[in-house]
Amino acid sequence: MIITLTVNGRRTELDLDPRTTLLDALRHHLALTGTKKGCDHGQCGACTLLVNGRRINSCLALAASHDGDEITTIEGLGKPEAMSDLQAAFVQHDGYQCGYCTPGQIMSAEAMLAEVAEGWPSYVTRALDDDPTLTDEEMAERMSGNLCRCSAYPRIRQAIGAVRDARASRTEAAE
Amino acid sequence: MDGQPQSKDFSVKFTMDEAQPRVLDRMAQGLLGTAMDRPEGRMKVTGTAPYAAEYRREGLVHGMLVRSTITRGRVTGIDTEKVQSMDGVIAVMTGGPLVRNPAQGTAHEAPAQSLPEVFYVGQPVALVVAESFEQARHAAQALTVTYDRADGADVDPATASDTETPEDDVLSQGDIDTAMKEAAFAVDTRYTTPPHSSAAMEPHASVASWTDGRLELHGSYQMLRHNVAELADALGVDEADVRIHSPYVGGGFGAKLGIAPEAVAAAHAARELGRPVSVVLTRPQVFEMTMRRSETTQRLRLGSDAEGRLTALGHEDWVSNLPGEAFAEPTAQGTHFLYGGDNRYFAQTLARVHRPCAGSVRAPGEAVGMIALECAMDELAEATGIDPIDLRLRNLPETHPENGLPYSERGLGDCLRDGAAKFGWDTRKPAGTRLEGDWWVGMGVASAVRVNALMNSTARVTLNPDGTALCETDMTDIGTGSYAILTQIVGEMLGLDASQIEVRLGDSDLPKSSGSGGSWGAQSCGSAVFLAAQGIRKALAEKLGVAADDLTLKDGTVTSGNVQHGFADLIDSPLTCEGTLNPGDTADAFSIAGYGAHFAEVGVHRDTGEVRVRRMLGVFSIGRVLNEKTASSQCHGGMIWGIGSALTEEIMHDPSDGRIVNHNLAEYHLPVSLDVPDLDVVLLEDTRDDEANPIQAKGIGELGIAGAAGAIGNAIYNACGVRVRDFPATPDKIFPHLPETD
Ligand code: FES
Ligand code: FES
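In the nomenclature of an unreviewed UniProt entry, chain A is known as (2Fe-2S)-binding protein of Thalassococcus profundi.

Here it is, written out as structure tokens:
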């Protein structure tokens, strides 16, 4: 079947087996292997990417159900010679070890920061109508869908925290 | 030759026979030991680092393994015809070289090739190859396999009929029974730990292709020199005809030590079909077809005098594995030399069971043995009324309690003392007395110990006249930081900035290293790189007619006396040296290990028994720290594995057929971010182990897990007075025993 995806700003038409997941469409058909497969069951978060700005597990999504959607993958955030702020923070804080869960962590973090900015509460948010503050505990809860067997969690949170602070002071300076 | 090494291809061989001078301390670059970012980090965070499954070859086809659904018996038929007619299906293969389970670490030969015989549920029995992944998966699911089932196969180690208690592993020193009877305080206790899975985030994957009779395989492996031999043996070809690439490995933890079923299947199919074949294990297959850590039952006997000095120490354990497998979890490995006690007894019983293969999982031995030992020590502390830290300090022997060998650097006492001060150990309350809100709060401590081994390793370093350098070895980086630390060793020795150095790893055609595993990679391969760089320094010194010690190499210049030279003044072509390290006499003359201490504070919910780790501190003594950042990340990893094994991780086997019931990441509970508090790691400063190797460094990848779960178990006891002896410490094992509160 023919579907159209806009991946990292580029429109592509793909002729796919209807069984193909969004994850495999990227990895097998578009040579975009930055998005990882850790389980293919929606249980690890390695395949996290953005669909129309929201994070999803792309292994649980059939490509066919995303016809016409805007997809952002790790390759769309930055390049080795021009990393995004989150990517650079992961390097600086050693927010990884083997690197396999890392693209998923970074994509997840990117979406998570947006969710907090929009005031979404989480399981550990004290009051539902308060604007959540992104404490370490909030980050931990909101990132718990992304497993890291190397167990870089403390430094993943440090990296995200550094970006949270840097973005906040940029916003303040702009105001 | 006029005494000068030629500008190319000379080599240095070294055997570790005696304590070595601290050459690296005299270098000037100041790169080694720093918290340098990983040089490959940019690739990892941008998704451009290629992992095994991501290699694309012209004409690539996809293979999917099919798993056995019976425990024991024979495959009698495979209904190839039905699936052959499905879209895209190219072939169905069974038997032949397909392997039963992975090779054990460093096996250097093919694992069992047992088909049509089946030994466990989940064993690979066939491979379906199709044009696309979706087609292969569908056909594999549709394939009908018929079996001749053998009934009554043992799946439970507790009742298995076939058990072995090797005499060689029994150690009986003095008379433990009498010593236990006469002891002022005695603890005779039993602990159990469940099977664990490595669960590396990257599933095992291999992409194989043959060109002119030579196999090229992109795989995810830890020890290429052994993997080449294992794969060649499985396929019946010469080692020279096998090349493996593993530049990036998405986590290993032992699961990728030995060649696994997917590599053999991919290589076999690619040879048969004349096309490149990719085989990637599904997550359930990773659980079933690769290694699990054996469950253990452990009996600890500790007897002491009135002052808490051990007079008796016994550690017996019961583990399991498949028939024919040589590996048995070395449960009591650390117990042999950690604490004293004249009367000692050790024995191990291995049960043969039809469960998935048991093998090395991060820190085989200490990872589970130290849970039982350190909790038993806590029980003894409770019995004697002596502070747990004090009790441990009183029992550090002068020399190895069994063979009398001296210890090389052993920072355990400092780790315990420094850690206690940093953690606020003096605020710890008696068990079951600190209730804060709904939570019982307590602290626990445990020693950490991990044996240290050095392995034969070769590496090649090339210095170019333009002041750049290349370091090459078949070593792997499984997240441990090999790219970083080898860069730093070269930079430190040759006076180069990290940006001038390229480290090439993970290609079996490069000089053969120890590989990654057993915490020996950094020190073994790092020493080989050090030796090669030292050879280059010598060659430069000889060109200047001075001793190597009189050279200062820094920021791309060579200074001797008061004269500065650029490399281009000294060499007009690349200078290459190969360094080879061999373990030697120090390994037999000293007891060499990494040490540390874990401190944990937990909350136990007073109604549900849920345990939350509130904070954790690890203090470690590992000789020279090669990179402060990657070393402490390794410690974090180990400590968090400790949280997993203390609280959540457990492979569950179906008691009727031995299969792994929870073979996925939703039901095998790895720690997630919310389970992990901010961790504190301290690496003791200025430690050096001169007997370990010429770079005075020891392994760190496994030390962090050893004892960590014990500290948590002890903290649970201190919090609420419930002693959990059956890990993991899930709420059901705690809440029935909680003290009444109002
Ligand atoms: S691969 Fe999608 S959640 Fe694991
Ligand atoms: S960095 Fe290896 S799994 Fe997260």
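Novice: Please explain the overall build of chain B as it appears in this structure.
Specialist: Within chain B, the secondary structure is distributed over 17 helices and 31 strands. Relative to the globule expectation of 27 Å for 742 residues, the C-alpha radius of gyration of chain B, 27 Å, shows essentially globular dimensions. The buried share of chain B, taken over its 742 residues, is 64%. When the accessible area of chain B is evaluated, it comes to approximately 24,300 Å², of which 46% is carbon and sulfur surface.

Novice: Honestly, the interface of chain B and chain A in this entry has me stumped. Any pointers?
Specialist: In many reports, interface size means the accessible area that the parts give up when they come together. Between chain B and chain A, the contact holds 59 residues from the first and 54 residues from the second. Taken over both partners, the interface formed by chain B and chain A buries close to 4,600 Å², and the fraction arising from carbon and sulfur atoms is 56%. Its largest share of buried area at the contact with chain A, chain B owes to Val45, Met201 and Leu674 of chain B, together 16% of the area lost on that side. Applying the counting rule to chain B against chain A returns four salt bridges.

Novice: Help me understand the sheet that holds strand β20 (residues 435–436) of chain B in this model?
Specialist: Through backbone hydrogen bonds, the strands of a sheet pair up, either in parallel or in antiparallel fashion. All names here are of chain B. If you trace the five strands from one edge of the open sheet to the other, you get β20-β21-β29-β30-β31, paired in mixed fashion. The strands lining the two open edges of the sheet, one partner per strand, are β20 and β31 (679–683). Alignment of strand β29 (residues 593–605) against strand β30 (residues 611–621), held across ten bridges, turns out to be antiparallel. By the bridge assignment for β30, alanine 600 is matched with methionine 616. Those strands touched by helix α11 (residues 412–423) are β21 (439–451), β29, β30 and β31, and its axis lies near 30 degrees from that of β29.

Novice: What should I look at first to understand the packing of helix α5 (residues 224–235) of chain B against helix α6 (residues 261–273) of chain B in this one?
Specialist: Any two packed helices are characterised by the angle at which their axes cross and by the distance between the axes. Residue and element names in this part refer to chain B. α6 packs onto α5 with a crossing angle of 50 degrees between their chain directions and a minimal axis gap of 10 Å. Judged by the inter-axis angle, α5 sits oblique to α6. The interaxial crossing formed by α5 with α6 has right-handed handedness. Between α5 and α6, the contacting residues are Leu231, Ala234 and Leu235 on the first element and Ala263, Val264, Ala267, His268 and Arg271 on the second. Each residue belonging to the contact of α5 with α6 can be placed in one class, and the counts come to six nonpolar, one polar and one charged.

Novice: Please clarify how unusual backbone geometry should be interpreted in this entry.
Specialist: Comment: phi is negative for the bulk of residues other than glycine, and the bulk of peptide bonds are trans. For the bond from leucine 115 of chain B to proline 116 of chain B, the omega torsion is 10 degrees, close enough to zero to count as cis. Summarising the element assignment, proline 116 of chain B is placed in the loop between β4 (89–94) and β5 (117–118). A cis amide bond links phenylalanine 727 of chain B to the next residue, proline 728 of chain B, at an omega of 0 degrees. Looking at the secondary structure, you find proline 728 of chain B in the segment after α17 (708–720). A positive phi angle, near 65 degrees, is found at aspartate 40 of chain A, a position not held by glycine. With respect to the secondary-structure elements, aspartate 40 of chain A resides in the loop between α1 (22–29) and β3 (48–51). Phi at aspartate 686 of chain B takes a positive value of approximately 55 degrees, unusual for a residue other than glycine. Within the secondary structure, aspartate 686 of chain B sits in the loop between β31 and α17.

Novice: I keep staring at the sheet that holds strand β22 (residues 457–463) of chain B and nothing clicks. Help me out?
Specialist: Residue and element names in this part refer to chain B. The five strands are arranged β1-β28-β22-β23-β24 in an open sheet whose pairing can be described as mixed. The strands lining the two open edges of the sheet, one partner per strand, are β1 (10–16) and β24 (501–504). With direction set aside, neighbouring strand axes in the sheet form an average angle of 15 degrees. Where β22 and strand β23 (residues 469–472) come together, four bridges link them in antiparallel fashion. Counted as the bridge partner of valine 461 is cysteine 471 from β23. Where helix α13 (residues 521–544) meets the sheet, it contacts β1, β22, β23 and β28 (575–583), and its direction lies at approximately 135 degrees from that of β28.

Novice: Would you take a moment to explain helix α9 (residues 366–384) of chain B for this structure?
Specialist: Working note: α-helix, 3.6 residues per turn, so residues spaced by three or four point in the same direction. Along its 19 residues, α9 of chain B runs 25 Å from first to last C-alpha, staying within 8% of the 27 Å computed at 1.5 Å per residue. Most of α9 of chain B is tucked away: 17 of the 19 residues are buried.

Novice: Help me out: how do you make sense of a negative patch on the surface in this one?
Specialist: Residues and elements named next belong to chain B. Residues Asp17, Glu18, Asp585 and Asp588 make up a contiguous surface patch of negative charge. Assignment of secondary structure puts glutamate 18 in the loop between β1 and α1 (41–45). You can call glutamate 18 exposed: its relative accessible area is 55%.

Novice: Honestly, the confidence of the model for chain B in this entry has me stumped. Any pointers?
Specialist: Reading predicted coordinates in detail is not appropriate for stretches of low pLDDT. All names here are of chain B. In the predicted model, chain B carries a mean pLDDT of 97, and the fraction of residues at 70 or more is 99%. Here residues 1–8 scores under 50 on pLDDT; set against residues more than four positions off or in separate chains, the count is 14 contacts. Scored by ipTM, the complex comes to 0.98, with pTM at 0.97.

Novice: Looking at this structure, how should I read the pattern of salt bridges?
Specialist: Pairing between side chains of opposite charge can happen when the charged atoms of each approach one another. Taken as a whole, this structure holds 64 salt bridges over all chains when the rule is applied. For arginine 167 of chain A, the salt bridge goes to glutamate 110 of chain A, with nearest N and O atoms at 3.0 Å. Placement of the pair is arginine 167 of chain A in helix α5 (residues 153–174) and glutamate 110 of chain A in helix α3 (residues 102–117), with a sequence separation of 57 residues. Among the residues examined, arginine 167 of chain A registers a relative accessible area of 24% and is labelled partly exposed. One salt bridge connects arginine 22 of chain B with aspartate 690 of chain B, and the closest N-O pair in it is separated by 2.8 Å. A residue pair is termed long-range when its members are at least 10 positions apart, and arginine 22 of chain B in the loop between β1 and α1 and aspartate 690 of chain B in the loop between β31 and α17 qualify at 668 residues.

Novice: Where do I start with the environment of isoleucine 489 of chain B in this structure?
Specialist: All names here are of chain B. Relative to the helices and strands, isoleucine 489 resides in helix α12 (residues 482–494). Given a relative accessible area of 0%, isoleucine 489 falls into the buried group. Along the sequence, isoleucine 489 and alanine 533 sit 44 residues apart, while their C-alpha atoms lie 8.3 Å from each other.

Novice: Would you mind going over the packing of aromatic side chains with me for this structure?
Specialist: Ring pairs (aromatic) are described by centroid distance and by the angle formed between their planes. A complete count under the given rule lists seven aromatic pairs over all chains for this structure. Where phenylalanine 253 of chain B meets tryptophan 641 of chain B, the ring centres are 4.8 Å apart and the plane angle is 50 degrees; that geometry is what we call tilted. Remark: tryptophan 641 of chain B occurs in helix α16 (residues 628–647) and phenylalanine 253 of chain B occurs in the loop between β14 (242–245) and α6; sequence separation between them is 388 residues. Note on phenylalanine 253 of chain B: relative accessible area 11%, which makes it buried. Aromatic rings pair up to connect Tyr100 of chain A together with Tyr51, Tyr248 and Tyr483 of chain B into one cluster. Geometry around tryptophan 641 of chain B places arginine 362 of chain B over its ring, the cationic atom sitting 5.3 Å from the centre. The positively charged end of arginine 723 of chain B is found above the aromatic ring belonging to tyrosine 717 of chain B, 4.1 Å away from the centroid.

Novice: How do you make sense of the pairing of strand β4 (residues 54–57) of chain A when you look at a structure like this?
Specialist: One face of the sheet, then the other: side chains in a regular strand alternate in exactly this way. Strand direction decides the pairing type here: β3 of chain A and β4 of chain A, joined by four bridges, are antiparallel. By the bridge assignment, valine 51 of chain A is partnered in β4 of chain A with arginine 54 of chain A.

Novice: It is not clear to me how the pairing of β22 of chain B should be interpreted in this structure. Could you clarify?
Specialist: Residue and element names in this part refer to chain B. A large share of β22 lies buried, amounting to six of its seven residues. Bridge count for β22 against β28 is seven bridges, and the pairing is antiparallel. Counterpart to alanine 459 in the pairing with β28 is glycine 579. The hairpin turn running from β22 into β23, its antiparallel successor, is five residues long, and glycine 467 in that turn takes a positive phi close to 80 degrees.

Novice: What's the story with the environment of serine 591 of chain B in this structure? I'm lost.
Specialist: Residues and elements named next belong to chain B. Relative to the helices and strands, serine 591 is located in the loop between α15 (586–589) and β29. You can call serine 591 buried: its relative accessible area is 8%. Sequence spacing of serine 591 and leucine 738 is 147 residues, and the spatial spacing of their C-alpha atoms is 42 Å. Leave out the neighbours within four places in its chain, and serine 591 touches Phe337, His400, Leu405, Pro406, Tyr407 and Ser408.

Novice: I'm lost on the environment of threonine 48 of chain A in this one. Help?
Specialist: All names here are of chain A. Here threonine 48 is to be found in strand β3. Classification of threonine 48 as buried rests on a relative accessible area of 3%. Separated by 57 residues in the primary sequence, threonine 48 and glutamine 105 place their C-alpha atoms 7.5 Å from one another. Beyond its immediate sequence surroundings of up to four residues, threonine 48 is in contact with Thr35, Arg55, Ile56, Asn57, Gly104, Met107, Ser108 and Asn146. A distance of 2.5 Å separates the side chain of threonine 48 from the backbone oxygen of glycine 45, its partner in a polar contact.

About the thresholds
Residues numbered from 1 in each chain as written. Chains lettered and ligands numbered in written order. Predicted model: local features only at pLDDT ≥ 70, side-chain atom pairs only at ≥ 80, totals over all residues. Heavy atoms only, no water. Helix = DSSP H or I, 4+ residues; strand = E, 2+ residues; numbered from the N terminus. Rg over C-alpha atoms; globule rule 2.2 N^0.38 Å. Buried < 20%, exposed > 50% of the residue type's maximum accessible area, 1.4 Å probe, protein only. Areas by Shrake-Rupley, 256 points an atom, 1.4 Å probe, with all protein chains shown as cover. Contact = heavy atoms within 4.5 Å. Buried area = accessible area lost by both parts, 1.4 Å probe. Salt bridge = Lys/Arg side-chain N within 4 Å of Asp/Glu carboxyl O. Pairing = 2+ DSSP bridges. Axes fitted to C-alpha atoms, helices over the stretch in contact; angles between N-to-C directions. Parallel < 35°, antiparallel > 145°, perpendicular 65-115°, else oblique. Left-handed = near helix turned anticlockwise from the far one by under 90°. Nonpolar A, V, L, I, M, F, W, Y, C, P; charged D, E, K, R; others polar. Expected span 1.5 Å × (residues − 1). Patch = residues over 30% accessible without salt bridge, like charges linked within 9 Å, V, L, I, M, F, W, Y side chains within 5 Å. Lys, Arg positive; Asp, Glu negative; His and termini not counted. Charge placed at Lys NZ, Arg CZ, Asp CG, Glu CD. pLDDT = per-residue confidence, 0-100. Phe/Tyr/Trp six-rings, centres within 6.5 Å; stacked < 30°, edge-to-face > 60°. Lys NZ or Arg CZ within 6 Å of the ring centre and 35° of its normal. Polar contact = N/O pair within 3.5 Å; in protein donor to acceptor, adjacent residues only side chain to side chain.

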